[in-house]
Each structure stands twice: as C-alpha cells, then as structure tokens.
Amino acid sequence: MSVPLSIALVFRRRALATFGMCWLLIVGIAAIGAPLLAPFDPLEFDPFVRLSDPGWPHLFGTDHFGRDSLSRAIYGARMAILIGSGSVLIALVAGGLIGMLSAYFVRLGHLLMRIVDVLMAFPALLLALVLMTLLERSVLNTVIVIGIVYATTTARIVFGMTLKLKRDVFVDAAICSGARHASVLFRHILPNLVSPMLVQASFIFAFAQLQAAALDFLGLGLPPEVPSWGNMLSEERIYVTRAPWLLIFPGALIILSVFSMNLVGDALRDNIDPRFKNDIAGV
Amino acid sequence: MTRPLLEVRELRTYFSIGRGGFMRRKSVLKAVDGISFSIHEGEVLSLVGESGCGKSTVGRTLTQLETATAGTAMFDGRDILNLTHAEFRPLRRDIQMIFQDPFASLNPRLSIEQMLAEPLFIHRLVRDRSEARERIAATLELVGMDAKSMNRYPHEFSGGQRQRIGIARVMILTPRLVIADEPVSALDVSIQAQVLNLIKQLQRDSGVSMLFISHDLGAVRHISDRVAVMYRGALVETGEKRQIFETPRHAYTRKLLDSIPRLEKRIA
C-alpha cells in the first residue's frame, strides 16, 4: 500500500470509467491548448455571420454576436477545469480541516459542526445563489462560493471518518509514543483520509460543473463576457428555436463532462472503499 | 526493600455512560474501583481477571489514555495521574505500552521505519535519520526481525511479526516500565509462545519492570513474579506467583484457576 491506489487497477475492466477518463483528458487538452486549438478569437464579434448554421468555417455555428461557438466552447473547457479544480481545492482544504478539527477536538466540533449543519440545511444551489447575490460576479467569487457549498459535505464526511480513526488503536499507540495533537492529526489520521478524499474530490469536481453552469444560466455566475459553457447556454437561450445548436453543443459538453467525472469517481470509490458502494458519499 | 518503581493507590477510573440531561439519568460505569498495587524495579506483575473486569483500563489509565477519577500513581516519586498531558509527555519515554491487537496498533500508511523513528525523534534520542536507521535496525534485530523490514509497510507482515514490530516500538525507547495489555491473546496459538518468550527474554535482558495484563493464566504463570487478581474493578488477591497458583486464598482466584484446562494430570 505504498501507493494509495494504482491507476491501472482502477480502470481495468471498467470500460465506462475509461471512456470518462478519455473525455476528461480531451477536455484537459482543450483547456491547456485553447489558444492554439481555437480557430477564432472567442471574444471577437462578427456582425456579418450572426447565428450562422454549423458548417465551415464555424463548425459549431456562431452566436447572436457572431462569435465562433467552437472557439468559445474550447475556451469554456478552461473555465470548466479552473472552476472544478478551484472548488475542489477550497472544499477539500476548508471542509477537510473543519471536519478533522471538529472530530478531534470535541468542544470545537460542537460549534463548527452546528454551523456546517445550518449551511447544509440549504439546498446546494440555493446556498450558492444567496452567497453569489452578496458578492460580485467574478471567476474567483464563483470558485469560492462553490467551494464553500461543497466544503460542508466534505466536512461532514471527514468528520465521520476522523471520529472513527481517532478511536483506532494506532492513534493510542502514537499518543503513547509521545506524539502531539498536530502530529496525530496530520501524520497519523490525515494519510488515512487521502483515498476517500480523492473520491470526494472527483464528485465535487463534477458537481461544481453543474453548479457553475446553473449559476451562469441564472446570471449570477461568471461575468457574461467570459466564455464558459454555462454562459453560452444562458446568453443564447432565447434563440433556442432559431439556432438550437447554440444550446445543444454547450449543453452536451456539460452533460458529458459531469457524467465522465462521475464515472471516474465511481470507479475510484469502488476501488478504494467498498463500504461506499451503495452510498452516494453525501453529494 | 527499596521504594517501588510504581506505586498505585486507590486508583479509580469511572466512565459516564450517556450524556445525561433532561429526564435522563447520568449513569456511571466503575471500570476500575479503588485498586492498589506496586511494581518494583525489574519485576513483572501480572494483572489477571476475566474480560470486562477493568484490567485493560488500569493500563490505559496509567498511560493517560483514560483519565483517572481518583487515586495516585507514584512513578519514580511523581504522581503521574496528576500531570497534564504536556507534563506527562516526557515521561512517556519511560512508561510504554504494548497493545493487544497488532493489526490495529500499526498505522497502515506508515512504513516501519517511519513508525519506529517517530518516538526517537519525539524524545530527541537521535540527531538525524542515519542515526535513527541504525538504532531501528538494531532494535528490529533485537525482536527477531530482519533490519531490512524497516522499508516495508505493516500489511506485508503476519500477526506475529506485527506484534514484534509493536514490541520494537516500545523497546526502542529503553523504557523503565512496560505495560503489556494482552500482548499475545490476539495471535495464533502457535505464535503466542514465541512472542511470549521474546517478551520474557527482553524483560530479563533489559531488567525493565512490567505490568502484564492477561486473562491467559498459562502465560501469566510463565512470565510473572507476582500476580494480582482483579474482579469487577477491584483486586481480590495479590501475591507471589507460587502462592497464587498453589495456595489461592480468595474464592474467585480458585474459580479462575479451576477454569484452566488441565492436561498434565491425565498424562501423569
């Protein structure tokens, strides 16, 4: 168990998960190579080709400003990855810390976990909406808000696992060796949380996409000029009868990416922790 | 006789069950209810009793894994029950514990080297990693393991080997008092004798004092100098091993002794 999990083992005989991973790789490549891959500038208006059909040279057609949909979709991959990884980072660090400290220090836990409970009482989207209305529309704020929303579920999960781990005999043994609280928490308990948190990360990544798209659609997420899949949906929704491809392409991209991430997450989860098999890990 | 290394007086450890509150009575479990004993330098005292009688709690209280409700435990002239966790930390080097289940007591995510190096660095017994590795290698050989096993992880070892690693983690600190909490009862019967002999040999060679907690009277007879019999949180009888095994005074001790399956009688 020197390596927490082996990649080969996760994807062996799991065709769907392998497909998901491939799609995510494509999204990743698109995000990194966006300036090279995109045939047009995603922000450039061209009034002469407004709402053109998919074809040459605009493979995905153009929107009502005449911007190239394919280029916007490719740059949208950047936003998808950025929002996904940013929210995962915030959710895991904040949620992980809150969960671990709450479980380890019982009094602190009573306080912190009640706050988490209150936040969890709101539906995820509602909580995100409330927080976004308080903040300005920006990429950073969107990431922070989605991160906070999923930090609550992460905190719950980590809380439960830490509660169990801190009763394990090896923690007693560490204490008997003279280990301090910080060492017990971060050297003995945290490494045992890594695999389940990795699984959690993959689900947060997927749900953050949905959440971001929903916020964009409601006009509360990323600023409207930023090319993201959610914004593409939101801006072109009134043209659904005239140019349905403007909604079909970004919609399909969102669905495919979320689905892929879930497939990968499922594979990771089944591989790491059979106990979670029938549970949806709080998300 | 000189002053004992550890002298426990009227030790009590109570646990409250349930949180109490409106319309709910707070109930108290008296796991350890007023026991007194002493252990001299180089002596092995066994604490025997049926499961659930509180004998493990005695060991856990003496290592501050549980908080004592009342009583004193003078270790080398200091009351260790009165110390805060921070004050007790330096003393942990001298008071070490061998745990019952070797599958639970080793962190699955740490290599043997990391595990054994931790107490060395905490108590500043080594200056750097190479010094630590030397000491770990020597200790592993002392407990009958290959020094190379320090690069491996717990799941690569059998129960007996894991318990040897647990013993190495204790002995690497050269403690003065070892609390062995049922150290062999989780092992296969075929391995028990080996590990028990190792503990006995290490105890003899190092002259460390030991509180040997067990329900296995065969093991107790093999390893101890004196025996204390515990029943429902209290000691019913304490005495030299010979006296306890040959002329038990208390009815409970006799009952306990009668429960040992006797093979030798039929053979003889």
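Since this is a predicted model, take the numbers as computed values, not measurements.

When you go through chain A residue by residue, the secondary structure sums to 12 helices and zero strands. Listed N to C, the secondary structure of chain A is α-α-α-α-α-α-α-α-α-α-α-α in terms of helices and strands. Sequence separation of 24 or more characterises 73% of the internal contacts of chain A that already satisfy a separation of 6 or more. Counting every atom, chain A has about 13,300 Å² of accessible surface; 73% of that belongs to carbon and sulfur. With 21 positive and 18 negative side-chain charges, chain A shows a spacing of 13 Å between the two charge centroids.

We now examine the sheet that holds strand β1 (residues 6–17) of chain B. Residues and elements named next belong to chain B. Read across the open sheet, the four strands follow the order β2-β1-β4-β5; overall the sheet is antiparallel. The sheet is open, and its two edges are formed by β2 (27–39) and β5 (78–79), each paired on a single side. Pairing of β1 with β2 involves 10 bridges; the strand directions are antiparallel. The residue bridging glutamate 7 from the neighbouring strand is serine 38, located in β2.

Here the focus is the interface of chain A and chain B. As a measure of interface size, the accessible area lost when the parts come together is often cited. Contacts between the two partners involve 20 residues from chain A, matched on the other side by 23 residues from chain B. Roughly 2,100 Å² is buried in total at the junction of chain A and chain B, and carbon and sulfur atoms are behind 55% of that figure. Its salt-bridge partner being arginine 60 of chain B, residue aspartate 172 of chain A comes within 2.9 Å of it at the nearest N-O pair. The interface formed by chain A and chain B contains 12 residue pairs in polar contact (both at pLDDT 80 or more). Considering each element in turn, the side of chain A that touches chain B owes the most residues, eight residues, to helix α8 (residues 169–177) of chain A. The residue makeup of the side of chain A that touches chain B, split by class, is 10 nonpolar, seven polar and three charged.

Taken across its nine residues, α8 of chain A has seven buried, putting it largely inside the fold. Within α8 of chain A, burial applies to Phe170, Val171, Asp172, Ala173, Ala174, Cys176 and Ser177 of chain A. Its buried side turned inward, α8 of chain A meets α7 (139–165) and α9 (181–189) of chain A together with α1 (55–62), β6 (95–98), α3 (112–122) and α5 (159–171) of chain B. Looking one or two residues past α8 of chain A, glycine 178 of chain A carries a phi angle of roughly 105°, positive in sign.

Bringing unusual backbone geometry into the picture now. For the bond running from tryptophan 56 of chain A to proline 57 of chain A, omega is -5°, close enough to zero to count as cis. Of note, arginine 124 of chain B is a non-glycine position whose phi angle comes to about 50°, a positive value. Mapped onto the elements of the fold, arginine 124 of chain B is located in the loop between α3 and α4 (129–142). Residue class for arginine 124 of chain B comes out exposed when judged on its relative accessible area of 73%.

The pLDDT averaged across chain B works out to 91; a share of 94% of its residues lies at or above 70. Both scores are given for the predicted complex: the pTM is 0.85, the ipTM 0.90.

Below, the discussion takes up the packing of aromatic side chains. Aromatic ring pairs are reported here in terms of the distance separating the ring centres and the angle at which the planes meet. All names here are of chain A. Per the stated rule, a full pass over the model turns up five aromatic pairs over all chains. Geometrically, the ring pair formed by phenylalanine 60 and phenylalanine 249 is stacked, given 3.9 Å between the ring centres and 10° between the ring planes. Here phenylalanine 60, found in the loop between α3 (34–37) and α4 (69–104), pairs with phenylalanine 249, found in helix α12 (residues 245–272); they are 189 residues apart in sequence, far enough to count as distant. Aromatic pair tyrosine 104 and phenylalanine 105: ring centres 5.0 Å apart, planes at 90°, arrangement edge-to-face. What makes tyrosine 104 buried here is its relative accessible area of 13%. The ring of phenylalanine 217 is capped by arginine 237, whose NZ or CZ atom sits 5.4 Å from the centre of that ring.

Calculation criteria
Residues numbered from 1 in each chain as written. Chains lettered and ligands numbered in written order. Predicted model: local features only at pLDDT ≥ 70, side-chain atom pairs only at ≥ 80, totals over all residues. Heavy atoms only, no water. Helix = DSSP H or I, 4+ residues; strand = E, 2+ residues; numbered from the N terminus. Contact = heavy atoms within 4.5 Å. Areas by Shrake-Rupley, 256 points an atom, 1.4 Å probe, with all protein chains shown as cover. Lys, Arg positive; Asp, Glu negative; His and termini not counted. Charge placed at Lys NZ, Arg CZ, Asp CG, Glu CD. Pairing = 2+ DSSP bridges. Buried area = accessible area lost by both parts, 1.4 Å probe. Salt bridge = Lys/Arg side-chain N within 4 Å of Asp/Glu carboxyl O. Polar contact = N/O pair within 3.5 Å; in protein donor to acceptor, adjacent residues only side chain to side chain. Nonpolar A, V, L, I, M, F, W, Y, C, P; charged D, E, K, R; others polar. Buried < 20%, exposed > 50% of the residue type's maximum accessible area, 1.4 Å probe, protein only. pLDDT = per-residue confidence, 0-100. Phe/Tyr/Trp six-rings, centres within 6.5 Å; stacked < 30°, edge-to-face > 60°. Lys NZ or Arg CZ within 6 Å of the ring centre and 35° of its normal.

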